[in-house]
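Fold and contact review
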Amino acid sequence: MSLADSRAGHEGSPRGRPRSEAVERSIIEGAIKLLEDGVPLADISIERLARTAGVGKATIYRRWSGKEELFVDVMRATEPPDAELPGTSMRDDLIALLEPLRRRGLASRSSALLHNVYAQIKTSPKIWAAYQATVIEPRRRTTFEVLRRGQRDGELRDDVDIEVINDLFVGPMLVRAVMRPDAELPEDLAAQIVDTVLAGLRPPGR
C-alpha cells in the first residue's frame, strides 16, 4: 500500500502546501529507523524525527497535527494492506477480510520491529485511540456491511446481533495471530474459520 493510499482518509483535511509522497515516505521511514534502532516510541519527538528524516519540523507539522496522527500512518505503512473484496459472495468477502489479520500475525512473528511497534503503540492511549478510530473501526464497518448483506440475502441467520457475528469470525483469527504466538497460521486458516462459523449461522435449509 502506498503512503498516498494509506493517508486516503485524511485527504479532506487542510495541510497547507500540496503533500509530497517522497517527503512523507522519508518521514515515515525515519520513524521506522528510530524504532528499529531501539528508540522507545515515547522518546521520538518531532524534533528528533525531523533530524533523522532530514526535514524541518514545519514540514512534519504541515502533514500531521502531531505524533498521534503520524504514528497511525507509521502503523499503516508497516502492516499488510486492507483487503480488496472480491464481491463474489459473502463467504469470499469474509475470507478476504480475515486474510490480512493472518498475514499480519505472520509478519509480527518474523519482524522484531512490528512486534515492538504494536507493543509500544498500545502503551500510548492517544495513539492507540487514534489507530482504533482511523484503522480498526473502518475495517469493522466494512465487515458489518458484508454481514448485513448476508442477512438480507438469506445467507446468515437474522436473529443474531451483527457485532456478535463479527466477533465469531474475527475472534479466532486474532487468538491465533496475536494471543497464541506458537499457533500455526496455515494459508487456508481464513477459509477454515469462515466455513466453520457459517455452518452454525446459516438459516435452516440453506
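Residues numbered from 1 in each chain as written. Predicted model: local features only at pLDDT ≥ 70, side-chain atom pairs only at ≥ 80, totals over all residues. Heavy atoms only, no water.

Going by what an unreviewed UniProt entry lists, the protein chain is known as TetR family transcriptional regulator and is assigned to Streptomyces fagopyri.

Regarding the UniProt feature "DNA-binding region" (unreviewed entry) in the protein chain
Mapped onto this numbering, the UniProt entry gives "DNA-binding region" (unreviewed entry) at residues 45–64. This span, residues 45–64, is 75% helix and 0% strand, and a straight line between its end C-alpha atoms measures 13 Å. (UniProt positions renumbered as here; feature names shortened; annotations may be inferred. Helix = DSSP H or I, 4+ residues; strand = E, 2+ residues; numbered from the N terminus.)

Notes on the pattern of salt bridges
Tallied over the full model, the rule gives 13 salt bridges. Residues Lys57 and Glu47 are paired through a salt bridge, measuring 3.5 Å at the closest nitrogen-oxygen approach. Taken together, the residues Lys57 in helix α4 (residues 57–63) and Glu47 in helix α3 (residues 46–53) connect sequence positions 10 residues apart. On the basis of relative accessibility, which here comes to 38%, the residue Lys57 falls in the partly exposed class. Note that Glu99 is salt-bridged to Arg102, the shortest N-O span being 2.7 Å. Pair noted here: Glu99 and Arg102 are both in helix α6 (residues 90–110), with a separation of 3 residues, about one helical turn. According to the relative accessible area criterion, Glu99 is buried, its value standing at 18%. Judged by its relative accessible area of 7%, Arg102 is buried. Connected via shared salt-bridge partners are Arg91, Asp92 and Asp195. (Salt bridge = Lys/Arg side-chain N within 4 Å of Asp/Glu carboxyl O. Buried < 20%, exposed > 50% of the residue type's maximum accessible area, 1.4 Å probe, protein only.)

Quick word on the packing of helix α2 (residues 21–36) against helix α5 (residues 67–78)
Relative to each other, α2 and α5 sit at 80 degrees, their axes nearing to 10 Å. The orientation of α2 with respect to α5, classified from their angle, is roughly perpendicular. Where α2 approaches α5, its residues Ile27, Ile28, Ala31, Ile32 and Leu35 are matched on the opposing element by Leu70, Phe71, Asp73, Val74, Ala77 and Thr78. A breakdown of the residues in the contact of α2 with α5 according to their chemical character gives 9 nonpolar, 1 polar and 1 charged. (Axes fitted to C-alpha atoms, helices over the stretch in contact; angles between N-to-C directions. Parallel < 35°, antiparallel > 145°, perpendicular 65-115°, else oblique. Contact = heavy atoms within 4.5 Å. Nonpolar A, V, L, I, M, F, W, Y, C, P; charged D, E, K, R; others polar.)

Here's the deal with the environment of Gly87
Within the element layout of this structure, Gly87 appears in the loop between α5 and α6. A residue is classified by how much of its surface remains accessible, and Gly87, at 54% relative accessible area, is exposed. Measuring from C-alpha to C-alpha, the distance between Gly87 and Val146 comes to 9.3 Å, with 59 residues separating the pair along the chain.

Observations regarding the side chain of Thr143
In this fold, Thr143 is placed in helix α8 (residues 125–152). Taking relative accessible area as the criterion, Thr143 reaches 9% and is therefore assigned buried. Not counting chain neighbours up to four residues away, the residues in contact with Thr143 comprise Leu94, Leu97 and Asn166.

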